[in-house]
Amino acid sequence: MKYFTTGAKSALIDKISIEEVGMPQMVLMERASLGVAGAAAEFIKDKKQKILTVVEGGNNGGDGVAAARILKERGFNVDIFYIGGIKKTSEAFLEQIKIAENCGVKIYKASDDYSLKSLLVGYDIVIDGIFGVGLSREIGGVQAEAINIINDAKEERQNDLAVISIDIPSGVSADNGELLGVAVKADVTVTFGFTKVGMLFGKGREYSGKIILKDIGFPACAVEKTAPEYYGLDIDDIKKILPVRKDDSNKGNFGRLLIVAGNDSIAGAAVIAGQAAFKAGAGLVKIFTHKDNRNIIGAALPEALLDVYEYNSDSEESSDGTNHSAGKCSGKITSPGGEQSGEIISSTDIESLVKWATAIAIGPGLGTSEKSKYLLKAVLKAAYENDKPVVMDADAINIISEDRSILKNLRFEEKKWIITPHMLEMARLIKTEDENAKDALGRIFKDRFEVAKYVSNEYNIISVLKDARTVVSDGSSRCFINTNGNSGMSKGGSGDSLTGIIGALLAEGMKPQDAARAGVFIHGAAGDIAALKCGRTSMTVTDLNGVIDMIKR
Ligand SMILES: NC(=O)C1=CN([C@@H]2O[C@H](COP(=O)(O)OP(=O)(O)OC[C@H]3O[C@@H](n4cnc5c(N)ncnc54)[C@H](O)[C@@H]3O)[C@@H](O)[C@H]2O)[C@@H](O)CC1
Ligand SMILES: [K+]
């Protein structure tokens, strides 16, 4: 397991390490600077290249000054530009300036009328030590000017100017990846102890470039005392929570997943979810879908069991009952305004389908018509009454967004169900009456963890907030952040695949929180293998589904 820290948590780890454990600040700073110098030396290679370390007067600047001194001692051609615009310079920074001057490092001060713009022309590399995790508000004035000069020079000179940020690109919020006014666009960021949460998401991710994580010796007791909330898992952690597939077993040992998906003439989502479920290890998969999909799904996924329903609206001739002799009526549907009515006819009633399953996945391609609403409500009610785990995605979420009482009325004592909205679906799910989806989306970007946590507690379920980095919340203060996966997965069907994987893991008996975390991890890892095999541009969800089993091996 690895932790990710916010700005406040990083500062607290510093503080406890220094004030309570007794680590001298200058020791931590020296180790941080050695880390920066080492990473920079590896990146630079040609010692003739000229490096300009641009600093402010906080501890991030202190790291910058110390790194410049270490690089100089190692024979690199390095100078410092000191902006000098913050009110309170840190003592460590001032001490580092003294040491650097004693070691003969040239320091250009803006207060001596040196211009960063003119100076920068003569340099090949910028080391950014302007702000670190102490950044607390929008950047303006001289620091914004310096950052714009660096970014403009980078834009103009592209690969002829490299930018290395210390700890976090100056201007990126360590908490959510948003830019506080302006931010340095780095090629490389050398970060200390823990990757900052803001470097994983949105602009923060883009601006960080390649992230190099350096252990600078924060004592474990200091870290534990701060109880970091955000964490990631690696393949070994995931393997520990996956069910063991014993040799002495049969298909009945690996669960029965009921997938309620598809709509008249929409079969693809059900096929993708079913494929993924088999690949993720489900013993039996039954798809419950519209009768029109029978032949397509039967041909595309012959290993799946299939149960179909027929929908007769009142306006159709077949609604006279004559066609129903072979079927059981699952329910009559009337829209609230009475504008649409009809009935769902299936050979197996919904209660029996749900009872057969060890878990249920519902939503892919389901549609949002009255018929789809009826199906969702009937399946969830039966699942609730029969104590079955459920994963809900896509149209299931869209329907719930319109009528949140569906979920609110089915609250278990424990969190047994999983919901997997992407950012827009989440926005629809949380938006208040006087808010539009765009504003709700803005709230998610500001604090996705809080939103995921809110949904988890509001409905007493596990929430999986899907994005380039997916977050899983069980409603506690701790959140899992998944860091694998790639842009090749941003394609139609990707969510259906995740639903199938999570459904399979639930059906195999995993706890919902574990099924959600492992499902998201397996999905991302399979996406990475598919990208290696086929390339991000051309990989498809079928390619991803095809390699799911490789992660479980
Ligand atoms: N404290 C420690 O012991 C260590 C700190 N380290 C470094 O120190 C950094 C944190 O240092 P600091 O806490 O001094 O903070 P920073 O160096 O990030 O920022 C300096 C100061 O700028 C001011 N400031 C914040 N936002 C501003 C804005 N928008 N405009 C103008 N001024 C603003 C604040 O007063 C802040 O303290 C880390 O990111 C890391 O690089 C490392 O040396 C490891 C050890
Ligand atoms: K920085």
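Bear in mind the structure is a predicted one, so any value in this text is a computation, not a measurement. (Residues numbered from 1 in each chain as written. Chains lettered and ligands numbered in written order. Predicted model: local features only at pLDDT ≥ 70, side-chain atom pairs only at ≥ 80, totals over all residues.)

With that settled, consider the overall build of the chain. Scanning the chain for helices and strands turns up 22 helices and 21 strands. For the chain, the spread of C-alpha atoms along the principal axes amounts to about 95 × 55 × 45 Å. Here the chain holds 553 residues, and the buried ones make up 50% of them. Expressed as a percentage of contacts within the chain between residues at least 6 apart in sequence, the contacts between residues at least 24 apart total 73%. (Helix = DSSP H or I, 4+ residues; strand = E, 2+ residues; numbered from the N terminus. Buried ≥ 20, exposed ≤ 12 C-beta atoms within 10 Å, placed from the backbone. Contact = placed C-beta atoms within 7 Å.)

Now for the domain arrangement of the chain. Considered domain by domain, the chain is made up of domain 1 (2-232) and domain 2 (254-552). Each of domain 1 and domain 2 has a C-alpha centre, and the two are 44 Å apart. At the junction of the two partners, domain 1 supplies ten residues and domain 2 supplies eleven residues. For the side of domain 1 that touches domain 2, the element with the highest residue contribution is strand 10 (residues 230-232), accounting for three residues. Residue composition of the side of domain 1 that touches domain 2, by class: five nonpolar, three polar and two charged. (Domains from an automatic or database assignment. Nonpolar A, V, L, I, M, F, W, Y, C, P; charged D, E, K, R; others polar.)

Another aspect to go through is the site of ligand 1. Lining the immediate surroundings of ligand 1 are 30 residues, of which Gly 58, Asn 59, Asn 60, Gly 132 and Gly 134 lie closest. Listed by contribution, the elements that provide at least two residues to the shell around ligand 1 are helix 1 (7-20), helix 2 (25-44) and helix 3 (59-73). When residues of the shell around ligand 1 are assigned to their parent elements, the largest contribution, five residues, is made by helix 3. When its residues are assigned to classes, the shell around ligand 1 shows twelve nonpolar, eleven polar and seven charged. (Near = placed C-beta within 6 Å.)

Of note, Asp 447 is situated in the loop between helix 17 (437-446) and helix 18 (448-459). Sequence-wise, Asp 447 and Ile 461 are 14 residues apart; in three dimensions their C-alpha atoms are separated by 19 Å.

Moving on to the confidence of the model for the chain. Close inspection of predicted coordinates is inappropriate for parts of the model with low pLDDT. Summary statistics for the chain give a mean pLDDT of 93 and a share of 94% for residues scoring 70 or more. Note that pLDDT drops below 50 for residues 315-327; the model gives that stretch 13 contacts with residues more than four away or on any other chain. Across the whole predicted complex the pTM is 0.93, and at the interface the ipTM reaches 0.98. (pLDDT = per-residue confidence, 0-100.)

A word on the packing of helix 16 (residues 423-430) against helix 18. For the pair helix 16 and helix 18, interaxial distance at closest approach is 11 Å and the crossing angle is 55 degrees. By the angle class used here, helix 16 and helix 18 are oblique. For the pair helix 16 and helix 18, the crossing hand works out as left-handed. Each of Met 426, Leu 429 and Ile 430 in helix 16 lies in contact with helix 18, whose residues at this interface are Val 451, Tyr 454 and Val 455. (Axes fitted to C-alpha atoms, helices over the stretch in contact; angles between N-to-C directions. Parallel < 35°, antiparallel > 145°, perpendicular 65-115°, else oblique. Left-handed = near helix turned anticlockwise from the far one by under 90°.)

Within the element layout of this structure, Glu 414 appears in the loop between helix 15 (405-408) and strand 18 (418-419). Under the C-beta neighbour-count criterion, Glu 414 is labelled exposed, with 10 such atoms within 10 Å. Between the alpha carbons of Glu 414 and Asn 460 there is a distance of 7.1 Å; along the sequence they are 46 residues apart.

Attention now moves to the nonpolar core. Ranked by size, the top nonpolar core spans 165 residues in total, and within it Leu 257, Ile 259, Ala 277, Ile 360 and Val 379 carry the most contacts. Here the element with the most residues in this core is helix 20 (residues 512-534); it accounts for ten residues. Of the residues that make up this core, three or more belong to each of domain 1 (2-232) and domain 2 (254-552). Excluding anything up to four places from it in sequence, Val 379 contacts Val 260, Ile 350, Val 354, Ile 360 and Ile 362. (Core = buried A, V, L, I, M, F, W, Y, C linked by C-beta atoms within 7 Å.)

The next subject is the UniProt feature "domain: YjeF N-terminal" (unreviewed entry) in the chain. Per the UniProt record, "domain: YjeF N-terminal" (unreviewed entry) is found at residues 10-224. Helix makes up 43% of residues 10-224 and strand 17%, with an end-to-end C-alpha separation of 12 Å. (UniProt positions renumbered as here; feature names shortened; annotations may be inferred.)

Bridge count for strand 2 (residues 50-55) against strand 3 (residues 77-82) is six bridges, and the pairing is parallel. Directly across from Ile 51, in strand 3, lies its bridge partner Val 78. One ladder, built from three bridges, connects strand 3 with strand 4 (residues 107-109); its direction is parallel. By the bridge assignment, Ile 80 is partnered in strand 4 with Ile 107. At this point the chain moves from strand 3, through helix 4 (residues 91-102), to the parallel strand 4, and the crossover so formed is right-handed. (Pairing = 2+ DSSP bridges. Right-handed = clockwise from strand over helix to strand, strands pointing away.)

Moving on, we get to the packing of helix 3 against helix 4. Closest axis-to-axis distance for the helix 3/helix 4 pair is 8 Å, and the angle between their directions is 15 degrees. For the element pair helix 3 / helix 4, the angle class is roughly parallel. Considering the relative orientation of helix 3 and helix 4, their crossing is left-handed. Of the residues in helix 4, those in contact with Asn 59, Gly 61, Gly 62, Val 65, Ala 66, Ala 68 and Arg 69 of helix 3 are Ala 92, Phe 93, Gln 96, Ile 97, Ile 99 and Ala 100. For the contact of helix 3 with helix 4, the class distribution of residues is eight nonpolar, four polar and one charged.

So, on to helix 20. An α-helical segment advances 3.6 residues per turn. Residues three or four places apart therefore align on the same side. Its 23 residues give helix 20 an end-to-end C-alpha distance of 32 Å, which sits within 8% of 33 Å, the value for a rise of 1.5 Å per residue. Phi turns positive one or two residues past the end of helix 20, at Gly 535, with a value near 90 degrees. (Expected span 1.5 Å × (residues − 1).)

Under the UniProt annotation, "binding site: K(+)" (unreviewed entry) lies at Asn 60, Asp 128 and Ser 170. For this annotated set, covering 111 residues, all C-alpha atoms fall within 9.3 Å of each other, a compact arrangement in space. Mapped onto the elements of the fold, Asn 60 is located in helix 3. Classification of Asn 60 by C-beta neighbours within 10 Å gives buried; the count is 25. Once residues within four sequence positions are removed from consideration, Asn 60 is found in contact with Gly 129, Ile 130, Phe 131, Gly 132, Gly 134, Ile 166 and Asp 167. Tracing the sequence through the fold places Ser 170 in the loop between strand 6 (162-166) and strand 7 (188-192). Among residues more than four places away in sequence, those in contact with Ser 170 are Asp 128, Ile 130, Phe 131, Ile 147, Ser 165, Ala 183 and Val 184.

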